[in-house]
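# Breakdown of the fold
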Amino acid sequence: MSEVLVLVEHVDGEVKKATFELLSAARRLGEPAAVVVGAVGTASKVKDALARYGATKVYVAESDDAVNYLVTPKVDALATLAGRVSPAAVLISASLEGKEVAGRVAVRIDSGLLVDVVDVERSGDDVVGTQSIFGGGFVVKSKVSTGTPVITVRPGAVEAEAAEAVATEETVELPAVDPARATRITSREPAVAGDRPELTEASVVVSGGRGVGSAENFAVVERLADALGGAVGASRAAVDSGYYPHQFQVGQTGKTVSPQLYIALGISGAIQHRAGMQTAKTIVAVNKDAEAPIFEIADFGVVGDLFQVAPQLTEEVTKRRG
Amino acid sequence: MNIVVLVKLVPDTYSERKLSDTDHTLDRDSADAVLDEINERAVEEALQLKEAHGGEVTALCVGPDRAVDAVRKALQMGADKAVHVSDAALHGSDVITTAKVLAKAVGTIDGVDLVIAGNEASDGRAGAVPAILAELLGLPQLTHANKVTVEGDTITVERATDDGVLHLQATLPALVSVSEKINEPRYPSFKGIMAAKKKPITTLTVADLGLDPAGVGLSGAWTAVLEAAPKPPRTAGERVEDNGDGGTKIAEYLVGQKLI
Ligand SMILES: Cc1cc2nc3c(=O)[nH]c(=O)nc-3n(C[C@H](O)[C@H](O)[C@H](O)COP(=O)(O)OP(=O)(O)OC[C@H]3O[C@@H](n4cnc5c(N)ncnc54)[C@H](O)[C@@H]3O)c2cc1C
Ligand SMILES: Cc1cc2nc3c(=O)[nH]c(=O)nc-3n(C[C@H](O)[C@H](O)[C@H](O)COP(=O)(O)OP(=O)(O)OC[C@H]3O[C@@H](n4cnc5c(N)ncnc54)[C@H](O)[C@@H]3O)c2cc1C
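As recorded in an unreviewed UniProt entry, chain B goes by the name Electron transfer flavoprotein subunit beta, listed as coming from Goodfellowiella coeruleoviolacea. As recorded by UniProt, the Function (unreviewed entry) comment attached to chain B reads in full: "The electron transfer flavoprotein serves as a specific electron acceptor for other dehydrogenases. It transfers the electrons to the main respiratory chain via ETF-ubiquinone oxidoreductase (ETF dehydrogenase)."

The name that an unreviewed UniProt entry assigns to chain A is Electron transfer flavoprotein alpha subunit apoprotein, with the source organism given as Goodfellowiella coeruleoviolacea. What UniProt records for chain A under Function (unreviewed entry) is the sentence "The electron transfer flavoprotein serves as a specific electron acceptor for other dehydrogenases. It transfers the electrons to the main respiratory chain via ETF-ubiquinone oxidoreductase (ETF dehydrogenase)." According to UniProt, the comment filed for chain A under the heading Sequence similarities (unreviewed entry) is "Belongs to the ETF alpha-subunit/FixB family."

Set out below in structure tokens:
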């Protein structure tokens, strides 16, 4: 069976959940081979976790350059391996960086690129990806017709399923960096991970809009999210007004989320907001305007003041979870 | 500093976006078309850099004839000239082809120090064209920029992603993509709109770029759409007025749905 290369996303020796999802998807297409690009010593920290999700091989590309240059070391590692092992596919997370790495790998190995798939399967000799486009308005099935399929997979779309394997290690030499063509990372300010689940991974998302009124008032949204064990999101109006940081924006120019439950508080439901959340399983909305378009897609809506309704709901949830 | 700014005409997200029934490409006629919002910010950033460092701004667009509107908007905002690659053969091009055509077109412009793009187009959302272009042109990529500074031939950028902020540095010539948060784009002034009418727009075909028309567009694409179907729209569910028990009502609903 051919190998399927999976680019590993890791922070401080921890593998991101999206990588386990990729390994699970890779098992449907061939033998998952994880590719670790990072500082010296990274692979030994992440190898066991990768094997737990079915990686039978771990390719190790470790050097100082791998950490100090943007994107290109990952492209170099994947392109080198693609030439060496002729994989059935290359799977990369559809994160901002993942999309860039994938694009460059595809063009370097003369192969087609499938962007942001929500599912991937084998069909005869083809690898077929499913895409959910225009904010979930269309479902499209596509395949790569030239070269090795290079595919980015939307985080949270494929379920991560553990499958114990034994992984062998193999070193990959990275080519020297050409400084005229590469971008150096001179310093990093890592995002502080909070106690809440990541927005794109959470099974419950509670979002606040302009109706929340201020940064302080967002505590109302946060308390409900915490009671439900969920993540906090925000509309662009709330972000632009400075109520909540940009990385929590849901919508066309923010995150796309597909949680089991999405609760919209004081959000009108503009088409660009809907584009980021309308694939949620269940949508609940609270808005004081009975005409707000969010009610057109809400499974359950309450016409009322969010400052009355949300705290009461938080209390009810806390009571029931007791 | 000579800057090329990549501008794309996209369906207005306020109107309904569809795929064509025949070949599954974007149905560009069914929706109003606008210069992609993120590209207005790319143009703005190019103009600010020109104002600080001198030079010239060229707007570059690959797209059907009506995409000249995107180019014109950039000229109205203050770009000096434009290149528009328009060719029926391009219909249905995939990401890789689009980037290859853009790379060739950048090559027709002399002495380019900086290429500026948006980080993601609102229709295709590949978020990959700038990176692929950097690969093809052999330029350092400083993408998802929140802030751009140029001093001499050194360019520094603040890149903001979920993982935090990265401070990036490279040597010109280079390629930048800008994020939604980088600036507030200016509106074209009346003077700008009048001046734009006299600014040169070079229109090129695929053959002008030395590319084979059979190698681009739907026939040349390295990806193929097998099937496409609209998803049935969501419908409104139950809606109640809050009579002091709205929160409790939601809780009961969630219990009924086994969500709590
Ligand atoms: C190119 C483009 C991209 C965009 N991308 C995004 C995106 O990614 N995400 C996004 O969200 N938007 C995006 N937008 C913006 C979008 O069009 C809307 O402007 C935005 O979603 C509105 O946010 P809102 O619903 O919070 O604010 P508003 O539309 O102002 O709605 C506020 C709502 O709160 C209600 N309200 C007020 N007070 C209360 C109260 N006390 N209790 C209950 N309800 C109350 C009001 O009735 C109102 O319905 C984009 C726009 C463009 C043009
Ligand atoms: C819904 C949908 C899904 C698609 N999925 C795929 C897929 O999986 N694989 C695939 O190969 N193709 C796909 N395509 C085709 C692809 O989107 C187009 O080839 C498109 O022209 C380039 O990608 P983008 O607009 O997504 O670019 P992005 O990489 O998102 O654009 C970033 C920036 O690049 C610049 N730019 C991009 N295109 C142009 C242009 N034509 N002229 C000037 N500047 C430009 C702009 O500055 C823009 O802000 C898809 C198209 C659609 C509509």
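## So, the interface of chain A and chain B
Taken together, the contact pairs 88 residues of chain A with 77 residues of chain B. Our enumeration of links across chain A and chain B arrives at nine salt bridges. A salt bridge links Asp-163 of chain B to Lys-16 of chain A, with the nearest nitrogen and oxygen atoms 2.9 Å apart. Taken together, the links from chain A to chain B amount to 44 residue pairs in polar contact (both at pLDDT 80 or more). Of all the elements, helix α5 (residues 96-108) of chain A adds the most residues to the side of chain A that touches chain B, at nine residues. When grouped by side-chain class, the residues that make up the side of chain A that touches chain B number 39 nonpolar, 27 polar and 22 charged. Bridge count for strand β12 (residues 184-190) of chain A against strand β9 (residues 164-171) of chain B is six bridges, and the pairing is antiparallel. Within the sheet, the bridge partner assigned to Ile-185 of chain A lies in β9 of chain B and is Leu-168 of chain B.

## Observations regarding the UniProt feature "domain: Electron transfer flavoprotein alpha/beta-subunit N-terminal" (unreviewed entry) in chain A
Per the UniProt record, "domain: Electron transfer flavoprotein alpha/beta-subunit N-terminal" (unreviewed entry) is found at residues 4-189 of chain A. Span residues 4-189 of chain A is 29% helix and 36% strand, its end C-alpha atoms 33 Å apart.

## Observations regarding the site of ligand 1
Taken together, 27 residues form the shell around ligand 1, and within it Arg-210, Ser-235, Thr-253, Ser-268 and Gln-272 of chain A come nearest. Around ligand 1 the close residues trace back to chains A and B. Gln-249 of chain A is positioned with one of its side-chain polar atoms (N or O) 2.9 Å from an oxygen atom of ligand 1. The backbone of Gly-266 of chain A places a nitrogen or oxygen atom 3.0 Å from an oxygen atom of ligand 1. Among the secondary structure elements, those contributing two or more residues to the shell around ligand 1 are α7 (236-240), α8 (271-274) and α9 (306-321) of chain A. When grouped by side-chain class, the residues that make up the shell around ligand 1 number seven nonpolar, 14 polar and six charged.

## Looking at the pairing of strand β1 (residues 2-6) of chain B
Residues and elements named next belong to chain B. Burial analysis of β1 places four of its five residues in the buried class, the great majority of the element. Here five bridges tie β1 to strand β4 (residues 56-62), and the two strands are oriented parallel to one another. Note on β4: the bridge partner recorded for Ile-3 is Val-57. Alignment of β1 against strand β6 (residues 114-118), held across three bridges, turns out to be parallel. When the bridges of β6 are listed, Val-4 appears paired with Val-115.

## What to know about the domain arrangement of chain A
Residues and elements named next belong to chain A. In terms of domain boundaries, chain A breaks down into domain 1 (3-171) and domain 2 (204-321). Once you take the C-alpha centre of each, domain 1 and domain 2 turn out to be 33 Å apart. If you look at the interface, domain 1 gives six residues, while domain 2 gives five residues. Between domain 1 and domain 2 the total buried area reaches about 300 Å² when both faces are included, carbon and sulfur atoms providing 49% of it. The largest per-residue losses of area from domain 1 upon contact with domain 2 belong to Gly-135, Gly-136 and Arg-154, which jointly make up 88% of the total buried on that side. The interface formed by domain 1 and domain 2 holds zero salt bridges in total. A class-by-class count of the residues in the side of domain 1 that touches domain 2 yields one nonpolar, four polar and one charged.

## Remarks on the pattern of salt bridges
Applying the stated criterion to the full structure yields 36 salt bridges over all chains. Among the ionic pairs, Arg-320 of chain A bridges to Glu-316 of chain A, the shortest N-O distance being 3.1 Å. Taken as a pair, Arg-320 of chain A and Glu-316 of chain A lie in helix α9 at a separation of four residues, close to a single helical turn. Overall, the relative accessible area of 11% leaves Glu-316 of chain A in the buried class. The network of salt bridges with shared partners includes Arg-236 and Asp-240 of chain A together with Glu-37, Arg-41, Glu-180, Lys-181 and Glu-184 of chain B.

## What to know about empty space enclosed by the protein
Residues and elements named next belong to chain B. Counted according to the given criterion, the structure contains one cavity of 30 Å³ or more. Taken as a whole, the largest cavity encloses approximately 40 Å³ of empty space. As for the largest cavity, its lining consists of Leu-9, Val-10, Pro-11, Arg-28, Ala-33 and Arg-66. The biggest single contributor to the lining of the largest cavity is strand β2 (residues 9-11), with three residues. When the residues that make up the lining of the largest cavity are grouped by side-chain class, the tally is four nonpolar, no polar and two charged.

Rules of the game
- Residues numbered from 1 in each chain as written.
- Chains lettered and ligands numbered in written order.
- Predicted model: local features only at pLDDT ≥ 70, side-chain atom pairs only at ≥ 80, totals over all residues.
- Heavy atoms only, no water.
- UniProt positions renumbered as here; feature names shortened; annotations may be inferred.
- Contact = heavy atoms within 4.5 Å.
- Salt bridge = Lys/Arg side-chain N within 4 Å of Asp/Glu carboxyl O.
- Polar contact = N/O pair within 3.5 Å; in protein donor to acceptor, adjacent residues only side chain to side chain.
- Helix = DSSP H or I, 4+ residues; strand = E, 2+ residues; numbered from the N terminus.
- Nonpolar A, V, L, I, M, F, W, Y, C, P; charged D, E, K, R; others polar.
- Pairing = 2+ DSSP bridges.
- Near = heavy atom within 4 Å.
- Buried < 20%, exposed > 50% of the residue type's maximum accessible area, 1.4 Å probe, protein only.
- Domains from an automatic or database assignment.
- Buried area = accessible area lost by both parts, 1.4 Å probe.
- 1 Å grid on protein atoms, 1.4 Å probe; cavity = no way out; pocket = protein on both sides within 12 Å on 5 of 7 lines; lining within 4 Å.
- Points joined across faces, edges and corners; volume = space filled by probe spheres on them.

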